[in-house]
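This is what each chain is made of:
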Amino acid sequence: TDPFEPGSIFKILTVASALENKIARYDTNYYCEQGKLRVEDHTIKEAEQHKEYDWLSVADIIKYSSNIGTTKIAFDLTYPKFEKTLIDFGIGKKSGVELPGESRGIFNPSKNVSPLRLSNMSFGQGIATTGIQMLSTYATIANNGVYVPPTIIKDKRTEGKRVLSKE
């Protein structure tokens, strides 16, 4: 029920949004700047700082968990499309699961965000989710893009909604 900064597990939302919006395909390549990318006054680095990737496909960006690759995908995607995906997945609102004290996480949609904020959000920093929100995200992807509200009641049936195409 408590919020946490999800980090790299959030990258799947950035990639899902780019695929859904036809901004990239799994085999689209991005130059990953040999491990360092300047964004505003900050240098974005890979989580494993000794990694100095040149070109990675979208599939490899997920495989190697590239912060720079995910940032570049988010820049191509743009914030409004990314924001819509996050809202569709329920990021920033309570899931409605039958547990007391559930947090909505920390995500406040806004008209636009700075490049640095978009970069950080793309790899799960500067945003907070709950475990239930992230479990629901991965369940939606495994469920061919259909979001089903989470529940802890064994035989409760709830109607799902499509948030991603099956493709």
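Since the model is a prediction, treat every value here as computed from it, not as a measurement.

What follows covers the pairing of strand E3 (residues 42-45). The sheet contact formed by strand E2 (residues 36-39) and E3 spans four bridges and is antiparallel. Within E3, the residue paired with valine 39 across the bridge is histidine 42. Between E2 and E3, which follow one another and run antiparallel, lie two residues, and glutamate 40 among them has a positive phi close to 55°.

One pair of aromatic rings is described through two measures. These are the centre distance and the angle between the planes. Evaluation of the coordinates by the stated rule reveals three aromatic pairs. When the centroid spacing of 5.4 Å and the interplanar angle of 50° are considered together, the rings of tyrosine 31 and tryptophan 55 count as tilted. Pair noted here: tyrosine 31 is in strand E1 (residues 29-31) and tryptophan 55 is in strand E4 (residues 55-57), with a separation of 24 residues, a long-range link. Residue class for tyrosine 31 comes out partly exposed when judged on its relative accessible area of 27%. What makes tryptophan 55 exposed here is its relative accessible area of 56%.

Let's shift gears to unusual backbone geometry. A positive phi angle, near 55°, is found at glutamate 40, a position not held by glycine. Mapped onto the secondary structure, glutamate 40 falls in the loop between E2 and E3.

Let us look at the packing of helix H4 (residues 79-88) against helix H5 (residues 115-122). Between H4 and H5, the shortest axis-to-axis distance is 11 Å and the interhelical angle comes to 40°. In this structure, H4 crosses over H5, and the sense of that crossing is left-handed. Across the interface between the two elements, Tyr79, Phe82 and Leu86 from H4 touch Leu118, Met121 and Ser122 from H5. Partitioned by chemical class, the residues of the contact of H4 with H5 number five nonpolar, one polar and no charged.

The subject of this paragraph is the environment of leucine 118. Mapped onto the elements, leucine 118 comes out in helix H5. Residue classification places leucine 118 among the buried residues on the basis of a relative accessible area of 7%. Once the C-alpha coordinates of leucine 118 and glycine 105 are considered, the two residues, 13 residues apart in sequence, prove to be 17 Å apart. Dropping the residues within four chain positions of it, leucine 118 is found in contact with Ala74, Phe75, Thr78, Tyr79, Phe82 and Val113.

Moving on: a nonpolar patch on the surface. A surface patch of nonpolar side chains, amounting to about 250 Å² of accessible area, comprises Phe4, Ile9 and Tyr138. Structurally, the position occupied by isoleucine 9 is in the segment before helix H1 (11-20). Classification of isoleucine 9 by relative accessible area gives partly exposed; the value is 37%.

What follows deals with the nonpolar core. Side chains that are nonpolar tend, in soluble globular proteins, to be buried together. Core analysis: the biggest nonpolar cluster contains 19 residues, and Phe10, Phe82, Leu86, Ile91, Phe107, Met121 and Ile127 have the highest contact counts within it. Listing elements by their share of this core, those giving two or more residues are H1, helix H3 (67-77), H4 and H5. Per element, the largest residue contribution to this core is three residues, and it comes from H4. With residues up to four places along the chain from it excluded, the contact list for isoleucine 127 reads Phe4, Glu5, Pro6, Phe10, Leu86, Ile91, Ile106, Phe107 and Met121.

Those residues of H4 that sit buried are Tyr79, Phe82, Glu83, Thr85, Leu86 and Asp88. Summarising the contacts, the buried residues of H4 are in contact with H1, H3, H5 and strand E6 (161-162). Positive backbone phi, approximately 85°, marks glycine 90, located one or two places after H4.

Conventions adopted
- Position labels on residues start from 1 in each chain and follow its written sequence.
- Residue-level local features of this predicted model are given only where pLDDT is at least 70; pairs of side-chain atoms are given and counted only at 80 or more, and the full residue set underlies all totals for whole chains, interfaces and linings.
- Water and hydrogen atoms were dropped before computing side-chain values, which therefore reflect all heavy atoms in the structure.
- At least two bridges found by DSSP between two strands is the condition for calling them paired.
- By definition, any uninterrupted DSSP run of H or I lasting at least four residues is a helix, any uninterrupted run of E lasting at least two residues is a strand, and each is numbered from the N terminus.
- Note on aromatic pairs: the rings of Phe, Tyr and Trp (six-membered ring only in Trp) are paired at centre separations within 6.5 Å, and the planes decide the class, stacked below 30 degrees, edge-to-face beyond 60, tilted for the rest.
- A 1.4 Å probe rolled over the protein chains alone gives each residue an accessible area, and that area as a share of the maximum for its type sets the label: buried under 20%, exposed over 50%, partly exposed in between.
- Simply put, an axis is a line fit to the C-alpha atoms, just over the touching stretch for a helix, and the angle between two N-to-C directions goes from 0 to 180 degrees.
- Handedness of each helix crossing follows the sense of rotation of the near helix against the far helix: counterclockwise by less than a right angle gives left-handed, clockwise gives right-handed.
- Should any heavy atoms of two residues lie within 4.5 Å, those residues are counted as being in contact.
- Note that Gly is not counted as nonpolar here; it falls among the polar residues with everything else outside the nonpolar set of Ala, Val, Leu, Ile, Met, Phe, Trp, Tyr, Cys and Pro and the charged set of Asp, Glu, Lys and Arg.
- A patch consists of residues whose relative accessible area exceeds 30% and which take part in no salt bridge; residues with like charges are grouped when within 9 Å of each other, and nonpolar side chains (Val, Leu, Ile, Met, Phe, Trp, Tyr) when within 5 Å.
- The Shrake-Rupley method, run with a 1.4 Å probe, gives the accessible areas here. Residue values count only the displayed protein chains as cover.
- What counts as a salt bridge is simple: a side-chain nitrogen of Lys or Arg found within 4 Å of a carboxyl oxygen of Asp or Glu.
- Working definition of a nonpolar core: buried Ala, Val, Leu, Ile, Met, Phe, Trp, Tyr and Cys residues. They are joined through side-chain atoms within 4.5 Å.

Shape is all these values report; function is a separate question.
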